[in-house]
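As a plain string of letters, each chain reads:
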Amino acid sequence: MCTICKKKKKIKKKIFSLQDVLFHNSGSPSTIPPPPPPPPPPSHIMPFNCLQRLRSVNRKLIIISCLIYLSLVFLFHGRLEFEQQLDNRFKNSIFKKKISSGVVYFDQKNHSNSVIPKLLSYENHVKVHPANLTIKPIPAQFHSPSINHYKTAITTTTTSAPLDKSCYLSAYNVTNNTFHRISDGIFIYSAYLDDRHSNKFVRVMAIIAQRKQKLRFFCHFPDNRWTNVIVYQMCENHNKHFGGYIMSCPLPSSKSGQQNLACFVTISLHNKPKPDENLFIPITRIQQEEKLFEFGVCIPPVFGDISKEHLVEYIELSKLLGIQHFFFYNFRLSETATRVLEYYEKQNTVTIIPWKLPSEVHDNSIWYNGQLIAHNDCLYRSMSLVKMTAFNDLDEFIIPHNGTTLTDFVSKLSAENICGFSFWSAFFDPSTGRPHPSGLFTMSQTGRSAKFSQVRTKVLVNPRKIFEVGIHHVSKPNEEYYKMLRVDTDIAFLHHYRKCVSNYGMKCDKFIPDRTIYKYFEDLKEAFDMQLNLIHVINSTA
């Protein structure tokens, strides 16, 4: 056998022996051995199902965090409102006081039979003076122009005398002050003739629902004249469903181009009002009277059973500080408290203004009983009566600490470009003192917070230099160059007689003695006792 054949034979034997080995190990030549099991994962790598669970937990945490944030936002606004409600300590019983109204309605349905449209038209060249209108009072309702039986019967006598400033209401006249329904979610309260600029405007105080604020409105005056409304949203509506607005009506011009006097105004959603849109409210002039009060104070809507002692102390201490006139907005005030205010009203010390919100406006749908609208109504009302106006609650007093009256520092700090003064406040917590033998609450709370609040500030302003006032600040001066001046606490600050509240950066952990109020004690006690005795005598003989 050749050498090559021998080598081939040896190679074949090796191949067959190798196949035998494989067949023996696997049991079948066609079977493929299974792959080895995967090694266990390292300890630092997490299994897939754990990753899924972790991602799910993260999503839940993110959702919960968002819900907590939104809850805190709503809680913050709710706390603001709750604290405002607590500021009035005496609100156990609530009474309703009937309000009368003298709104003028012009019935334009039957033009052929109605005398008034003819008298008010330019075609006849005859004008009706409001002094010659005999107005039948309307029941205390929220007037809907679509309800015919609310309309007033008016009798007239003709006159050739032109309308003049005597047709405007006095700021003391509050018989027409009630909210009048213009449309769903739109209510007007009062109107003021603003003549502080070359172009005159009628400023209408209004409550408008948020969804209605972007509508187009029109001002209508007698003689079929109308102008477009400029809508201005007040600054502190706190995103409530209803808010306060100033609706500005430019006075219409006559054929000669001169602005005419207008004694009545109404707001409409149409430039040509429908027959049932014929409600007109009188306009109050803000021109200053010859004799003005030096200082006045506007009190936001008061309600509940406020004790006569509290009211008398508030008024008499404020008078010692220099306040000469008070504007009270009566929002369901008890009969006892109302009688106290009526006593001071007869002395020309107090003006009581009816404040009854529309039935559609609930307590939680507007900020603190419409305080902002009341403040700005009072701002414009006080322009003709008061040189300087403050906006305080019944537990707040601007107390001079370098003098005894407001005049002591106002006259020194006043300047042409100063429109008012801002005061920091300090809490005089009831827990810091003890009852005073006199029974006066201001004399029993003699410990104040060491830290001053720079948020709960209050203002004293020249009302004719202000366009809009807020609750704690001036929102918009009447001229851009007007500035507010913050008064140093060494000169004066606001005494806030209530429980201290730790928010807006305020701290209630430290109090210091402050008996500055004692300098008014003797005069206050004498006036307090005298007025209470007089009120008691009058009420007992009534």
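Numbers given to residues run from 1 along each chain, matching the order in which its sequence is written. A pLDDT threshold of at least 70 governs which residues receive local features in this predicted model, and a stricter bar of 80 or more applies before side-chain atom pairs are shown or counted, although totals over entire chains, interfaces and linings include all residues. Derived side-chain values reflect all non-hydrogen atoms in the structure, with water molecules and hydrogen atoms excluded from consideration.

Novice: What is the right way to read the side chain of glutamate 468 from this model?
Specialist: Along the chain, the position of glutamate 468 falls in strand β22 (residues 466–469). No salt bridge is formed by the buried glutamate 468; its nearest oppositely charged neighbour, lysine 476, is found at 8.0 Å. A polar contact is formed between the side chain of glutamate 468 and the side chain of tyrosine 232, at a distance of 2.6 Å. The contact criterion used throughout is that any non-hydrogen atoms of two residues lie within 4.5 Å. Aside from chain neighbours lying at most four places away, what touches glutamate 468 is Tyr232, Met234, Cys235, Ile246, Asn376, Leu379, Val474, Ser475 and Lys476. In this description a helix means any DSSP run of H or I spanning at least four residues, a strand means any run of E spanning at least two, and both kinds are numbered starting from the N terminus. Here's how the labels work: a residue is buried when its accessible area is under 20% of the maximum for its type, exposed when over 50%, partly exposed in between, all with a 1.4 Å probe on protein chains only. Residues counted as positive are Lys and Arg, residues counted as negative are Asp and Glu, and His and the chain ends are not counted. What counts as a salt bridge is simple: a side-chain nitrogen of Lys or Arg found within 4 Å of a carboxyl oxygen of Asp or Glu. Here a polar contact is recorded for every N or O atom pair within 3.5 Å, except that within protein the pair must consist of a potential hydrogen donor and a potential acceptor, and residues adjacent in sequence are included only if both atoms are side-chain atoms.

Novice: Before we go on, may I ask you to explain unusual backbone geometry in this structure?
Specialist: Where the residue is not glycine, phi is negative for most of them; where a peptide bond is considered, it is trans in most cases. Unusually for a residue other than glycine, asparagine 239 sits at a positive phi of about 60°. In this fold, asparagine 239 is placed in the loop between β9 (230–233) and β10 (242–250). Given the relative accessible area of 67%, asparagine 239 is considered exposed.

Novice: Sorry, what's going on with helix α6 (residues 371–382) here?
Specialist: Note: α-helices contain 3.6 residues per turn, so residues at a spacing of three or four share the same orientation. An expected span of 1.5 Å times one less than the residue number is assigned to each helix. Between the first and last C-alpha of α6 there are 16 Å, a value that for twelve residues agrees with the 16 Å anticipated at 1.5 Å per step. The element α6 is largely enclosed, with a buried count of twelve among its twelve residues. Within α6 the residues assigned to the buried category are Gln371, Leu372, Ile373, Ala374, His375, Asn376, Asp377, Cys378, Leu379, Tyr380, Arg381 and Ser382.

Novice: What is the right way to read the packing of aromatic side chains from this model?
Specialist: Side-chain rings of Phe, Tyr and Trp (the six-membered ring for Trp) are treated as a pair once their centres are within 6.5 Å; stacked means planes under 30 degrees apart, edge-to-face means over 60, and tilted covers the remaining angles. Evaluation of the coordinates by the stated rule reveals 20 aromatic pairs. Each ring, one from tyrosine 314 and one from phenylalanine 397, has its centre 5.3 Å from the other, and the planes form 45°; the classification is tilted. With tyrosine 314 in helix α4 (residues 308–321) and phenylalanine 397 in strand β18 (residues 396–400), the pair connects residues that are 83 residues apart, well separated along the chain. Ring centres of tyrosine 329 and tryptophan 355 lie 5.6 Å apart, and the angle between their planes is 85°; this geometry places the pair in the edge-to-face category. Remark: tryptophan 355 occurs in the loop between β16 (350–354) and α6 and tyrosine 329 occurs in strand β15 (residues 325–333); sequence separation between them is 26 residues. Judged by its relative accessible area of 1%, tyrosine 329 falls in the buried class. The class of tryptophan 355 is buried, set by a relative accessible area of 1%. Put simply, the rings of Tyr314, Phe326, Phe328, Phe397, Phe428, Phe441 and Tyr497 pair up and form one aromatic cluster. Both a distance and an angle decide whether a charge sits over a ring: NZ of Lys or CZ of Arg must be within 6 Å of the ring centre and within 35 degrees of the ring normal. Positioned over the ring face of tryptophan 424 is arginine 486, at 3.9 Å from the centre of the ring.

Novice: Explanation requested: helix α9 (residues 521–541) in the structure shown.
Specialist: The terminal C-alpha atoms of α9 lie 30 Å apart, and with 21 residues this matches the ideal 30 Å at 1.5 Å per residue to within 8%. Among all positions in α9, only Leu524, Ala527, Phe528, Gln531, Leu532 and Ile535 are buried. In an axial view of α9, the angular spread of the buried residues amounts to 130°, which keeps them on one side of the axis. Exposed side of α9, more than 90 degrees from the buried face: Glu522, Glu526, Ser540 and Thr541 are the residues found there. Its buried side turned inward, α9 meets α4, α5 (335–345) and α8 (441–444). Summarising the geometry, the arc corresponds to the directions from the helix axis toward the C-beta atoms.

Novice: Sorry, what's going on with the state of the cysteines here?
Specialist: Here is the idea: a disulfide is a covalent bond, and it sits between the sulfur atoms of two cysteines. A pair of cysteine sulfur atoms is labelled a disulfide when the two atoms are within 2.5 Å. One pass over the structure, following the stated rule, counts three disulfides. A sulfur-sulfur distance of 1.9 Å marks the disulfide that ties cysteine 500 to cysteine 508. Across the S-S bond of cysteine 500 and cysteine 508 the torsion is about -75°, and the bridge reads as left-handed. The class for cysteine 500 is buried, based on a relative accessible area of 9%.

Novice: So what exactly am I meant to see when it comes to the nonpolar core here?
Specialist: For soluble globular proteins, the rule of thumb is that nonpolar side chains tend to be buried together. Ranked by internal contacts, the top residues of the largest apolar core, which has 52 residues, are Tyr314, Phe326, Phe328 and Leu460. Ranked by the residues each element gives to this core, the list is headed by α4, at six residues. With near-sequence residues (within four places) excluded, tyrosine 314 lies in contact with Val297, Ile299, Phe326, Phe328, Asn392, Asp393, Leu394, Glu396 and Phe397. In plain words, nonpolar cores are sets of buried Ala, Val, Leu, Ile, Met, Phe, Trp, Tyr and Cys residues tied together by side-chain atoms within 4.5 Å. Among the nonpolar cores identified, the runner-up in size contains 45 residues, and Ala171, Trp355, Leu379 and Tyr482 belong to it.

Novice: Any chance you could explain the side chain of histidine 325 here in plain terms?
Specialist: Considering the arrangement of structural elements, one finds histidine 325 in strand β15. One polar contact links the side chain of histidine 325 to the main-chain carbonyl oxygen of asparagine 348, over a distance of 3.1 Å.

Novice: Would you mind going over the packing of α5 against α9 with me for this structure?
Specialist: Between two packed helices, the angle of one axis relative to the other and the distance separating the axes together describe the packing. Put simply, α5 and α9 touch, their axes get as near as 11 Å, and they point 105° apart. With respect to their mutual orientation, α5 and α9 come out roughly perpendicular. The residues of α9 that touch α5, namely those facing Arg339, Val340, Tyr343 and Tyr344, are Gln531, Leu534, Ile535, Ile538 and Asn539. Among the residues making up the contact of α5 with α9, the classes are represented as six nonpolar, two polar and one charged. In this analysis an axis means a line fitted to C-alpha atoms, helices contributing only their contacting stretch, and an angle means the value between N-to-C directions, from 0 to 180 degrees. Any angle that is under 35 degrees is reported as roughly parallel, and any over 145 degrees as roughly antiparallel; angles of 65 to 115 degrees are reported as roughly perpendicular and all others as oblique. Each residue gets one of three labels, nonpolar for Ala, Val, Leu, Ile, Met, Phe, Trp, Tyr, Cys and Pro, charged for Asp, Glu, Lys and Arg, and polar for the others, Gly among them.

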